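A look at the structure
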Amino acid sequence: MPGDLYSRFAQSFEHFADRVLVEDDSRAWTYGEVARLAGRLASRLQALSVAAGERVLVQTDKRVETLILYLATIRCGAIYLPLNVDYTQAELDYFAMDATPVLAVCRDASVELFGRIGGGKLQVTTIAALFADLPEGEAPPVARAADDTAAILYTSGTTGKPKGAMLTQDNLVSNGETLIDLWRFTPEDRLIHALPIFHVHGLFVAVHCVVFSGASMVFLPKFDSGRVIQLMSASTVLMGVPTFYIRLLADPAFIRERAAHMRLFISGSAPLSADIHRAFEARCGHRVLERYGMTETGMLTSNPYDGERRAGYVGPPLPGVALRIADFEGGQVMPQGEVGIIEVKGRNVFKGYWRMPEKTAAEFRPDGYFITGDMGVIDADGYVQIVGREKDLIISGGLNVYPAEVEALLDDRADVAEAAVIGVPHPDLGEAVVAVVQPAGQFDPEAVREAMRRDLAAFKVPKAVLVMEALPRNTMGKIQKKQLRETYANLFTA
Ligand code: MCA
Ligand code: AMP
């Protein structure tokens, strides 16, 4: 039996043909129906020149049709490239020019915008057009090798342009298999799917756990605590970022009885505070299972299903994941119990950044370990604790914002002498993006926020732009971000 991703999907399509795979507010789709639609859509994609190794760029709303588009792209042997629906034209231009997709699928309202990319050379379509009068014939699945790329997900970085992480067929199959075992997924499970489907979390972790195990899921367009609470009585698992758990706790309708049918609450993508972990247990009796991962690596560690789910820890490495703590300079392994950079190796680790061999080489050690940029420590029981990040990164509501990108935009403005962008504690989002600006002449913070909205996805726009006559610097002249973070630590929590 071939080991590629579509073959793994096909196993479930066959075994669970009559069971429900996915539901939305309007109807349910069985595994068999989804498989047939994916086959027919693959015929249409092939007619649009989607072939093995070609990229299909997707920026659309979360719908069951988008899920089927993902499956059909993989069936064609092509590379799926999902993008955040929030990205602006400036951001999209870069992704499209870098990835050179054979086809872009966008919202109806964005057809014109996509049409302008690359001087009008990009082939653009919409979900509605793709699904209109689907051909009857199903294209046969195109076999792929374990090391062939199945998806490219862009991640930004502390310097330079965003990088397309190439995730292989085997990365995705092996990580999914590990997770369904560890988290005990069965065909009886029903997942509340409230995450976006353009990240590893919502697309691969959530969807693959469901499809690989023959379970089902309810697709919500976005997180809505009322809807999620309502669904709990007939569901078993919720996967979310910490903000989901913060919002559930903030909802008085979330009481113990509502969660009685649920068997598992999983959190990841950002740190879940020990306070929220404990408050959640006190409210509903469930201990959240926290896990840790990255776009480039999929899931890396997880608290155990049966053993102790420890608040403030992300658990031991997953089976098949080698994880070590190294010193900050050069990959020297640290003794157990000491803090250092987390480095990882395993079948789950990506094969490199799209068309960026130097950047790829810079993030791996010579012995093949990938440098995560997260700072951690392993305790005597083998549990990993994340204690910070070496990379200058803000995680807001589970979404990554690199200060360098926001600072560059501010520094380009005539009314800004210099800017520092920091993350400060936020009761809902965990961290919020804040800009501290040393103005050059007349300066209107609200006008600056408005202007930034044109160039930046909404989640990257600072929630506050603060003015300081002179930014704090050390003796070398470097801006003291630590001091700024301390100064504004209570901006949203006071
Ligand atoms: C929306 N906004 C945000 C965020 N989301 N601002 C900062 N951070 C965010 N995360 C903006 C909106 O555009 C809006 O802007 C304003 O904030 C208020 O939005 P709100 O209605 O509160 O937001 P929402 O639509 O309810 O979304 C919040 C959310 C969502 C539910 C937390 O962002 C979300 O689903 N996050 C999950 C992201 C995720 O899947 N991450 C996984 C990637 P304005 O008012 O100005 O218009 S990491 C990953 O995949 C790795 C591998 C891993 O380990 O999992
Ligand atoms: P991304 O590149 O969007 O995949 O984000 C990956 C980053 O999210 C990791 O490098 C961590 O910094 C962070 N992350 C993911 N899960 C957790 C977690 N459970 N606790 C703390 N940080 C996390």
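Look up a bit, the structure's there.
What counts, and where the lines are drawn
Residues numbered from 1 in each chain as written. Chains lettered and ligands numbered in written order. Predicted model: local features only at pLDDT ≥ 70, side-chain atom pairs only at ≥ 80, totals over all residues. Heavy atoms only, no water. Helix = DSSP H or I, 4+ residues; strand = E, 2+ residues; numbered from the N terminus. Rg over C-alpha atoms; globule rule 2.2 N^0.38 Å. Buried < 20%, exposed > 50% of the residue type's maximum accessible area, 1.4 Å probe, protein only. Phe/Tyr/Trp six-rings, centres within 6.5 Å; stacked < 30°, edge-to-face > 60°. Lys NZ or Arg CZ within 6 Å of the ring centre and 35° of its normal. Contact = heavy atoms within 4.5 Å. Pairing = 2+ DSSP bridges. Axes fitted to C-alpha atoms, helices over the stretch in contact; angles between N-to-C directions. Parallel < 35°, antiparallel > 145°, perpendicular 65-115°, else oblique. Left-handed = near helix turned anticlockwise from the far one by under 90°. Nonpolar A, V, L, I, M, F, W, Y, C, P; charged D, E, K, R; others polar. Near = heavy atom within 4 Å. Areas by Shrake-Rupley, 256 points an atom, 1.4 Å probe, with all protein chains shown as cover.

Take the overall build of the protein next. Each helix and strand counted, the protein has 15 helices and 24 strands in total. Whereas a compact globule of 494 residues would reach a radius of gyration of roughly 23 Å, the protein reaches 23 Å, a difference of no more than 12%. Structurally, the protein occupies a C-alpha span of about 70 × 55 × 50 Å along its principal axes. Taken over 494 residues, the protein has a buried fraction of 57%.

This brings us to the packing of aromatic side chains. To describe a pair of aromatic rings, one takes the distance between the centres and the angle between the planes. Taken as a whole and assessed by the stated rule, the structure comprises 22 aromatic pairs. Between the aromatic rings of Tyr 94 and Phe 95, the centroid separation amounts to 5.7 Å while the plane-to-plane angle is 65 degrees, which identifies the pairing as edge-to-face. By the burial criterion, Tyr 94 is buried, and Phe 95 matches it. Members of the aromatic cluster, each reached through a chain of ring pairs, are Tyr 6, Phe 9, Phe 13, Tyr 70, Tyr 80, Phe 204 and Phe 212. Just above the ring of Tyr 313 sits the side chain of Arg 310; from NZ or CZ to the centre is 5.3 Å.

Another point: helix α4 (residues 89-99). Since one α-helical turn is 3.6 residues long, residues separated by three or four positions face the same way. Inspection of α4 places Glu 91, Leu 92, Tyr 94, Phe 95, Ala 96, Asp 98 and Ala 99 among the buried residues, and these make up the whole buried set. Here the buried face of α4 lies against β3 (55-59), β4 (79-82), α5 (111-116), β7 (149-155), α13 (403-411) and α14 (445-455). The first or second residue beyond α4 is Thr 100, which carries a positive phi of 40 degrees.

Our focus in this paragraph is the pairing of strand β11 (residues 237-240). Across the two faces of β11 the burial is the same, with Val 237 and Met 239 and Leu 238 and Gly 240 all buried. Bridge count for strand β9 (residues 190-193) against β11 is 2 bridges, and the pairing is parallel. In the sheet register, Ile 192 faces β11, and the bridge partner there is Leu 238. Relative to strand β12 (residues 264-267), β11 is paired through 4 bridges, and the arrangement is parallel.

Before going further, it helps to spend a moment on the environment of Asp 98. Turning to its location among the elements, Asp 98 is positioned in helix α4. Taking the C-alpha atoms as reference points, Asp 98 and Glu 486, separated by 388 residues in sequence, lie 38 Å from one another. Leave out the neighbours within four places in its chain, and Asp 98 touches Tyr 154, Trp 354 and Arg 355.

Now for the packing of helix α10 (residues 242-249) against helix α11 (residues 274-284). Running from amino to carboxyl end, α10 crosses α11 at an angle of 45 degrees, the nearest separation of the two axes being 10 Å. In terms of orientation, α10 lies oblique with respect to α11. The hand of the α10/α11 crossing is left-handed. On α11, the residues touching Tyr 245, Ile 246, Leu 248 and Leu 249 of α10 are Ile 276, Ala 279, Phe 280 and Arg 283. Here the residues of the contact of α10 with α11 sort into 7 nonpolar, no polar and 1 charged.

Below, the discussion takes up the site of ligand 2. Taken together, 16 residues form the shell around ligand 2, and within it Arg 291, Thr 295, Asp 374, Lys 391 and Asn 400 come nearest. Summarising the interface, the protein chains cover 91% of the accessible area of ligand 2, which totals 490 Å² for the free molecule. Going through the elements one at a time, β13 (289-294) and β19 (384-389) are the ones with two or more residues in the shell around ligand 2. Sort the elements by how many residues they give to the shell around ligand 2 and β13 lands first, with 5 residues. Across the shell around ligand 2, the residue classes tally to 7 nonpolar, 4 polar and 5 charged.

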